[in-house]
Amino acid sequence: MENIVIIGNGIAGVSAARHIRKLSDKRIIIISGETDYFFSRTALMYVYMGHMKFDHIQPYENWFWEKNRIELVRGYVTKVNPDEKQLLIDGSRAITYDKLIIATGSKPNKFGWPGQDLHGAQGLYSKQDLDLLEVNAPNKEVCKRAVIVGGGLIGIELAEMLRSRDIPVTFLVREDSFWNGVLPSGESKLINEHILEHHIDLRLGTNLKEIVADENGKVKSVIIAETGEELACDMVGLTAGVTPNIDFLKDSGIELGRGVKVNRFLETNIKDVYAIGDCAEQHEAIGNRRPIEAVWYTGRMMGETVAQTICGNQIEYKPGHWFNSAKFLDIEYQTYGWVFSERGMKEYEEHFHWRHAQEKVCITIAFNKENNQFLGINTFGIRMRHEVFDRWLTQEKDVDYVMEHLIDANFDPEFYKNYETEVVSKYNTDFGKSIKMKKKSLKRIFAIG
């Protein structure tokens, strides 16, 4: 019986295991030092906020693994020897494999700040980070102020978590507007306002110089690089992105860049060794995607893809059109296709932006100004249908068609307010058009007939 070993029990590794089991009777072993059982990493914040218990974010019952003959081993892989097809766990236990899948995910970035390893300084990625947060910031009495360094999605999640316990938060963001390397300026401005409305001390254009220790080696303050100001705090959240968790592979002979280098079939340079999820790095990026994608759904897709290959049906990893979703405090965000910030816009790219006068609701649509082709959409506060935009992108619809049929893409419940009439009216004004919106059609939405 062929022995498949998977390092990592996140969404990528577990998806691979589940699909290998669906397709075969191979022996499957998952190794993880983080937790006994797979959990939904994106839901960690809700455990801290009291909305769920940790058991609630485990998608499968504990009996699932034995029933499906997926063996779970608790421990950290410290060495991989591809010549012997052997792993070392915690420096002592050895496990052999016929095929190896590396799915070790990410770890929080640290940029060499003085004091970054002090007690009270931490990231937010793992179950261990969640447990540590309960020590460092259980309440506003123990943690009188927290400072968060880094203005991405993890940073704003951590800010929301801490504010749920009334802990004052100062948010250091090096950009001059929140996440403006990703978001167009109108959206970034909206999020700046929303952060401030949630009583978060947002410091834009601000860098961390140093984390200062008290006499017990615990965080007592941070120093701002630009001004030298010292801010007293009890906890520092290091949320300036993540990096692939691959240190244990450095002497393995497996080709590494920032992550584990893979081809389109998710194969490494070593036969029978694959890498998937956050730790995998494509030799050449797929379209406009980054070579490393630390995204939940791409991890799942890679796991399903590599399972096919391991079970004799070699298929290429094709993630399709870019999409993602997130939450900025209580504003839902969705993106389909490509809408670049002003810093990353293509020469041919043009934007249409609409924002509601009172509510925190906006839309940005990107299109090719040379041929009017629809390129992508960002929405804030309006829930849209993934399948509809995916189809329009595949069919290379022009932006006028999208505006004409925008109501088809609205996924909000029946009694939610619709904004499409206002959106189309502004589009007509901005571009001198006379688009008339079609009535909603279930036939079109579900591509019937």
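Look above for the structure.
Residues numbered from 1 in each chain as written. Predicted model: local features only at pLDDT ≥ 70, side-chain atom pairs only at ≥ 80, totals over all residues. Heavy atoms only, no water.

### What to know about helix α11 (residues 420-431)
Then, number 1: Between its terminal C-alpha atoms α11 stretches 16 Å, which fits the 16 Å expected from 12 residues at 1.5 Å a residue.
Then, number 2: Taken together, the buried positions of α11 are occupied by Glu420, Val423, Val424, Tyr427 and Asn428. Along the axis of α11, the buried residues cluster in a sector spanning 135°; they form a single face. Away from the buried face of α11 by more than 90 degrees, exposed residues Thr421 and Thr429 are located.
Then, number 3: Buried residues in α11 make contact with β23 (349-355), β24 (362-368), α9 (399-404) and α10 (406-409). (Helix = DSSP H or I, 4+ residues; strand = E, 2+ residues; numbered from the N terminus. Expected span 1.5 Å × (residues − 1). Buried < 20%, exposed > 50% of the residue type's maximum accessible area, 1.4 Å probe, protein only. Arc of directions from axis to C-beta. Contact = heavy atoms within 4.5 Å.)

### Details of the side chain of glutamine 334
Then, number 1: Along the chain, glutamine 334 turns up in strand β22 (residues 331-337).
Then, number 2: Judged by its relative accessible area of 9%, glutamine 334 is buried.
Then, number 3: There is a polar contact of 2.7 Å between the side chain of glutamine 334 and the backbone nitrogen of methionine 384.
Then, number 4: Filtering out sequence-adjacent residues up to four positions away, glutamine 334 remains in contact with Asn324, Ser325, Ile377, Asn378, Thr379, Ile382, Arg383 and Met384. (Polar contact = N/O pair within 3.5 Å; in protein donor to acceptor, adjacent residues only side chain to side chain.)

### Side note on the nonpolar core
Then, number 1: By size, the foremost hydrophobic cluster in this structure holds 79 residues, and its most contacted members are Ile101, Ile102, Phe389 and Met403.
Then, number 2: In contact with isoleucine 101, other than residues within four places in its own chain, are Ile4, Val5, Ile6, Ile7, Ala16, Ile20, Tyr274, Ile276, Val306 and Ile310.
Then, number 3: Counting residues in each nonpolar core, the second largest holds 40 residues, with Phe54, Ile156, Val169 and Ile191 among its members. (Core = buried A, V, L, I, M, F, W, Y, C linked by side-chain atoms within 4.5 Å.)

### So, the sheet that holds strand β12 (residues 201-204)
Then, number 1: An order of β9-β16-β10-β11-β12 is seen for the 5 strands of this open sheet, with the pairing classed as parallel. This sheet does not close on itself; its edge strands, each paired only once, are β9 (121-122) and β12.
Then, number 2: Two strands pair when backbone bridges link them, and strand β11 (residues 169-173) and β12 are joined in this way by 4 bridges, in the parallel orientation. From the neighbouring strand, valine 173 faces β12, where its bridge partner is leucine 204. (Pairing = 2+ DSSP bridges.)

### Quick word on the sheet that holds strand β5 (residues 86-89)
Then, number 1: Read from one edge to the other, the open sheet built from 3 strands follows the order β4-β5-β6, with strand pairing classed as antiparallel. Both edges of this open sheet fall to β4 (77-81) and β6 (93-96), since each of them pairs with a single strand only. Neighbour to neighbour, the strand axes of the sheet diverge by 20° on average, direction disregarded.
Then, number 2: Bridge count between β5 and β6: 4 bridges; the pairing is antiparallel. Looking at β6, one finds that leucine 88 is bridged to alanine 94. (Axes fitted to C-alpha atoms, helices over the stretch in contact; angles between N-to-C directions.)

### Some points on the state of the cysteines
Then, number 1: One pass over the structure, following the stated rule, counts 0 disulfides.
Then, number 2: Residue cysteine 233 stays outside any disulfide, its sulfur separated by 7.8 Å from that of cysteine 143, the closest cysteine.
Then, number 3: Cysteine 233 sits in the buried class, given a relative accessible area of 3%.
Then, number 4: The thiol sulfur of cysteine 311 is not disulfide-bonded, and the nearest other cysteine sulfur, from cysteine 279, lies at 19 Å.
Then, number 5: Residue classification places cysteine 311 among the partly exposed residues on the basis of a relative accessible area of 25%. (Disulfide = S-S within 2.5 Å.)

### A word on the environment of asparagine 136
Then, number 1: Inspection of the secondary structure puts asparagine 136 in helix α4 (residues 127-136).
Then, number 2: You can call asparagine 136 buried: its relative accessible area is 6%.
Then, number 3: When the C-alpha atoms of asparagine 136 and valine 236 are compared, they prove to be 9.1 Å apart, with 100 residues separating the residues in sequence.
Then, number 4: Once residues lying within four places of it in the same chain are set aside, the contact partners of asparagine 136 are Gly120, Gln122, Val142, Cys143 and Met235.

### Concerning the packing of aromatic side chains
To describe a pair of aromatic rings, one takes the distance between the centres and the angle between the planes.
Then, number 1: By the definition in use, this model includes 26 aromatic pairs.
Then, number 2: The interplanar angle of 85° and the centroid separation of 5.0 Å between the aromatic rings of phenylalanine 64 and tryptophan 65 together place this pair among those described as edge-to-face. For the pair formed by phenylalanine 64 and tryptophan 65, the shared burial category is buried.
Then, number 3: Each ring, one from tryptophan 392 and one from tyrosine 401, has its centre 6.0 Å from the other, and the planes form 90°; the classification is edge-to-face.
Then, number 4: Taking the relative accessible area as the measure of exposure, tyrosine 401 reaches 23% and is therefore partly exposed.
Then, number 5: An aromatic cluster is defined as three or more aromatic residues linked by ring pairs; in this entry it consists of Phe171, Phe178, Trp179, Phe328, Tyr333 and Phe380.
Then, number 6: The ring centre of tyrosine 48 lies 3.6 Å from the NZ or CZ of arginine 165, which sits over that ring.
Then, number 7: In this structure, lysine 397 packs its charged tip against the face of tyrosine 401, placed 4.3 Å from the ring centre. (Phe/Tyr/Trp six-rings, centres within 6.5 Å; stacked < 30°, edge-to-face > 60°. Lys NZ or Arg CZ within 6 Å of the ring centre and 35° of its normal.)

### Examining the pairing of strand β7 (residues 99-102)
Then, number 1: Side chains of β7 alternate between two faces, with Lys99 and Ile101 and Leu100 and Ile102 buried alike.
Then, number 2: In this structure, strand β1 (residues 3-7) lies alongside β7, joined through 4 bridges in parallel fashion. In the sheet register, isoleucine 4 faces β7, and the bridge partner there is lysine 99.
Then, number 3: Here β7 runs beside strand β19 (residues 273-275); their pairing, made up of 3 bridges, is parallel. Residue isoleucine 102 lies in a different strand from β19, and its bridge partner there is alanine 275.

### Concerning unusual backbone geometry
Residues apart from glycine generally show negative phi values, whereas peptide bonds are mostly found in trans.
Then, number 1: A positive phi is found at lysine 85, a non-glycine position, where the angle reads about 50°.
Then, number 2: Among the structural elements, lysine 85 can be located in the loop between β4 and β5.
Then, number 3: By relative accessible area, which is 25% here, lysine 85 ends up partly exposed.
Then, number 4: For tryptophan 179, which is not a glycine, the phi torsion comes out positive at approximately 55°.
Then, number 5: On the secondary structure map, tryptophan 179 appears in the loop between β11 and α6 (185-197).
Then, number 6: In this structure tryptophan 179 comes out as buried when scored by relative accessible area, which is 18%.

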